[in-house]
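Coordinates in review
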Amino acid sequence: MKLDPFYLIVDSAEWIARLVPLGVKLVQLRIKDRPETELRAEIRRAVAVCAKHQSQLVVNDHWACDAASYTSARRILRQRTSTRSERVA
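Throughout what follows, the structure given in this document is the object of discussion. Here the residue numbers are simple positions, counted from 1 along each chain's written sequence. Per-residue local features are limited, in this predicted model, to residues with pLDDT of at least 70; the limit for side-chain atom pairs, both in listing and counting, is 80 or more; totals at the level of whole chains, interfaces and linings are taken over all residues. With hydrogens and water set aside, each side-chain value is computed from the structure's full complement of heavy atoms.

Points about the sheet that holds strand S2 (residues 26-29)
Strand pairing within a sheet occurs via backbone hydrogen bonds; the two strands may be parallel or antiparallel. Here, any two strands with at least 2 DSSP bridges between them count as paired. Every helix listed is a DSSP run of H or I at least four residues long, and every strand listed is a run of E at least two residues long, numbered separately from the N terminus. The strand order S1-S2-S3 describes an open sheet built from 3 strands, whose pairing is parallel. Pairing within the sheet leaves two strands with one partner each, and these edge strands are strand S1 (8-10) and strand S3 (56-59). With strand direction ignored, the average angle separating the axes of adjacent strands in the sheet is 25°. When S1 meets S2, the two strands line up parallel, connected through 3 bridges. Pairing of Val 10 across the sheet is with Leu 29, part of S2. Helix axes use the C-alpha atoms of the stretch in contact, all axes being lines fitted to C-alpha atoms, and the angles between their N-to-C directions lie in the range 0 to 180 degrees.

Pasting the structure below:
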């Protein structure tokens, strides 16, 4: 996949949820001055939306928080996918 050298930078998972389904393939989540619990929730939501739409997500400034949130979100997505597969089969 060749990504555009220009990409969207947004300050909330809400913007990601609005724009990624429209075809955005690379987006940066850049959140400043939010409590860590809110930040983790935003990252989890952004990861879920981007994974669902096969979009690349960059999280700025919060790599330690991002790693934990990313792992948590991916685990939830795998569980949902396997549950849906079981229902179809």
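Examining the nonpolar core
With 14 residues, the main nonpolar core has Ile 16, Val 20, Val 27, Leu 29 and Ile 43 as its most contacted residues. Mapped onto this core, the elements with two or more residues apiece are helix H1 (13-19), S2 and helix H2 (36-52). Examining the composition of this core, we find that 6 residues originate from one element, H2, more than from any other. The criterion used for residue contact is that any of the two residues' heavy atoms lie within 4.5 Å. Contacts of Val 20, omitting those with residues within four sequence positions, involve Val 27, Val 49, Cys 50, His 53 and Ser 55. Put simply, buried Ala, Val, Leu, Ile, Met, Phe, Trp, Tyr and Cys residues joined by side-chain atoms within 4.5 Å make one nonpolar core. Residue exposure (1.4 Å probe, protein chains only): buried if accessible area is under 20% of the type maximum, exposed if over 50%, otherwise partly exposed.

Purely geometric stuff here, so don't read any function into it on its own.
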